Amino acid sequence: MFLSVFEMFKVGIGPSSSHTMGPMMAAARFLDLLRAAPFAAHGVKASLHGSLAFTGVGHATDRATVLGLAGFVPDTYDHTHAEAALEQIRDTCRVAPTGLPELVFDPRTDLVFEFGAALPGHANGMILKATDAQGDVILQETYYSVGGGFVLTEGELAAGKDTDEGAPVPYPFKTATEMLEMARTSGHSIAAMKRANEVSRGGSDTLDKGVARIWQVMNDCIDRGMAHDGILPGGLGVKRRARNIHDQLIAERGMNLAPPHTINDWMSVYAMAVNEENAAGGQVVTAPTNGAAGVVPAVIRYWLDHVPGSSRARIPEFLLTAAAIGGLVKYNASISGAEAGCQAEVGSAAAMAAAGLCAVMGGTPEQVENAAEIALEHHLGMTCDPVKGLVQVPCIERNGLGAIKAVSAASLSLRGDGTHLVPLDACIETMRQTGHDMSEKYKETSLGGLAVNVPNC
Ligand code: SF4
């Protein structure tokens, strides 16, 4: 099993990895099929199913699908260019992706929200079709957006989750137990094993530059979030708060006025800044998803700015450790809110951040595994019930609280010797079972919980 650090941490756009980035990537894959096809298509159509339909408008799934069919991809997304393209598509009812002739596509009629039952493979399904001049379907593919921006075709999903077909990696751990055993026998840290796996696939230069870019985008996102205020889009009237809280925290510095727990506000403000940017459709890094994108950057920034002895040179160690844990969770359970509730998103992010912080603060592999377990255990059962289908309430504050739990989990773990009762593998399996048993109302459909109990929504 190998899930790259660049699959766990992907540069993309808000507000949702599964509902915005995934559909855009699915459209990109469909365009590749068309480019390789021996025939020329006349038009394209798309339908959104399950959670992609129920919370698609709030998550900008329709917009992402249209832009994806026009050739936009998350990594190089440019907001101004995208807005101009959308206007042109609305006016001309055509998309013009690179390498293909113009395709007929009217977003008003050729993009359909199917509010019936979800497709059989996953809660986030979409079907893309190409048609000829008579309107007959000449190519069709079903895609599933399985969380964190990952997209699988129906065939890939049916083939099983272990679809990595690359060369074997030096440390092919699939469980936390295997990871700890390999760390013991090799004498390497989790980050060192993860690094060896990454280098074996992509080389050290690609890894170092890529990880540096990931942190740069994360950190820029925090700074942008703390510099902006106003009302977030979507109609809920949610005010951006990160800037004001940050201004308060700066003003209180050195005055001995603030109580000790103010440090929690610093962790929260970094996370909220990221998630406000995400909610505004800005550039973020999935960590492991957009909805949970604030936790890992907030914990790194907290460590850099507030913990004596921190060092930027160790950020790769943090991110590689976090990616190793995120890979275990994704492989053995889920990082998708539509599949397993928010325990799979913010819970996974907190486990990743706790592991990363524990590692850079000198934790042993056993302590790192313990930190991840504590953080995940205390998110078990957490539902996904975003108000109005927007990645705003409870998501923005929740990332702040996730960061606080992650730091506490790392700290508790570092006070022990790594031995503990609940193995991380058992906790991940519990999360998988809990997600499986959870009512669909609480899995990113906005049909239950806060989404139906908050007045006037
Ligand atoms: S409640 Fe959690 S899982 Fe659901 S959209 Fe918000 S952050 Fe994602």
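Keep in mind it's a predicted model, so treat the numbers as computed, not measured. (Residues numbered from 1 in each chain as written. Predicted model: local features only at pLDDT ≥ 70, side-chain atom pairs only at ≥ 80, totals over all residues. Heavy atoms only, no water.)

Q: Account for the overall build of the protein chain, with residues named and values stated.
A: Across its full length, the protein chain holds 20 helices and 9 strands. Against the compact-globule benchmark of 23 Å for 457 residues, the protein chain has a radius of gyration of 22 Å, which places it among compact chains. In terms of overall dimensions, the protein chain has a C-alpha envelope of 70 × 50 × 40 Å along the principal axes. When contacts within the protein chain are restricted to residue pairs at least 6 apart in sequence, those whose partners lie at least 24 apart make up 74%. Looking at charge distribution, the protein chain has the averaged site of its 34 positive side-chain charges lying 3 Å from that of its 49 negative ones. (Helix = DSSP H or I, 4+ residues; strand = E, 2+ residues; numbered from the N terminus. Rg over C-alpha atoms; globule rule 2.2 N^0.38 Å. Contact = heavy atoms within 4.5 Å. Lys, Arg positive; Asp, Glu negative; His and termini not counted. Charge placed at Lys NZ, Arg CZ, Asp CG, Glu CD.)

Q: Give me the pairing of strand β7 (residues 137-147): which residues, what numbers.
A: One face of the sheet, then the other: side chains in a regular strand alternate in exactly this way. In the sheet, strand β6 (residues 124-131) pairs with β7 via 7 bridges, with the strands oriented antiparallel. Within β7, the position partnered with K129 by the bridge is Q140. Between the end of β6 and the start of β7, which pair antiparallel, lie 5 residues, with G135 showing a positive phi angle near 90°. Connecting β7 to the next strand, strand β8 (residues 150-153), in antiparallel fashion are 2 residues, including G148 with a positive phi near 70°. (Pairing = 2+ DSSP bridges.)

Q: Summarise the UniProt feature "domain: Serine dehydratase-like alpha subunit" (unreviewed entry) in the protein chain; cite the residues concerned and give the values.
A: Within this numbering scheme, the UniProt entry marks residues 189-451 as carrying the feature "domain: Serine dehydratase-like alpha subunit" (unreviewed entry). Taken end to end, residues 189-451 comprises 62% helix and 1% strand; its first and last C-alpha atoms sit 43 Å apart. (UniProt positions renumbered as here; feature names shortened; annotations may be inferred.)

Q: Tell me about the packing of aromatic side chains, and please be specific about residues and values.
A: If you walk through the whole model with that rule in mind, you get 4 aromatic pairs. Cluster of aromatic residues (ring-pair linked, three or more members): F54, F113 and F115. Directly above the ring of F150 sits K10, whose terminal nitrogen or CZ lies 4.0 Å from the centroid. Here K330 stacks its cationic end above the ring of F150, 4.3 Å away from the centre of that ring. (Phe/Tyr/Trp six-rings, centres within 6.5 Å; stacked < 30°, edge-to-face > 60°. Lys NZ or Arg CZ within 6 Å of the ring centre and 35° of its normal.)

Q: I'd like to hear about the site of the ligand, residue by residue, with values.
A: With respect to spatial proximity, the complete set of residues near the ligand consists of G291, C342, E345, C384, C395 and R398. Its residues placed into classes, the shell around the ligand shows 3 nonpolar, 1 polar and 2 charged. (Near = heavy atom within 4 Å. Nonpolar A, V, L, I, M, F, W, Y, C, P; charged D, E, K, R; others polar.)

Q: Can you break down the nonpolar core residue by residue, with the values?
A: Core analysis: the biggest nonpolar cluster contains 99 residues, and F9, M218, V296, L319, I325 and L328 have the highest contact counts within it. Top element by residues in this core is helix α16 (residues 346-360). It accounts for 12 residues. Two domains each provide a minimum of three residues to this core, namely domain 1 (16-158) and domain 2 (176-453). Contact partners of I325, with chain neighbours within four places excluded, come to M179, A351, M352, A355, A372 and L424. Core analysis: the next-biggest nonpolar cluster, separate from the first, contains 34 residues, M21, V44, A85 and Y143 among them. (Core = buried A, V, L, I, M, F, W, Y, C linked by side-chain atoms within 4.5 Å. Buried < 20%, exposed > 50% of the residue type's maximum accessible area, 1.4 Å probe, protein only. Domains from an automatic or database assignment.)

Q: Give a description of the state of the cysteines that names residues and reports values.
A: Summed over the entire model, instances satisfying the criterion amount to 0 disulfides. C427 takes part in no disulfide bond, and the closest cysteine sulfur to it belongs to C342, at a distance of 15 Å. Relative accessible area serves as the criterion here: at 1%, C427 is assigned to the buried category. (Disulfide = S-S within 2.5 Å.)

Q: Describe the pattern of salt bridges, listing the residues and the values that go with them.
A: Taken as a whole and assessed by the stated rule, the structure comprises 20 salt bridges. Here D32 and R35 are joined by a salt bridge, their closest N and O atoms 2.8 Å apart. Of the two residues, D32 and R35 both sit in helix α2 (residues 17-36), 3 residues apart, roughly one turn of that helix. Of the residues examined, D32 reaches a relative accessible area of 45% and is grouped as partly exposed. For E277, the salt bridge is made with R224, and the minimal N-O distance between the two is 2.8 Å. Note that E277 is positioned in helix α12 (residues 262-279) and R224 in helix α10 (residues 204-227), a separation of 53 residues in sequence. You can call E277 buried: its relative accessible area is 7%. Judged by relative accessible area, which is 26%, R224 ranks as partly exposed. Salt bridges here are not isolated pairs; linked through shared partners, they connect E181, R184 and E366. (Salt bridge = Lys/Arg side-chain N within 4 Å of Asp/Glu carboxyl O.)

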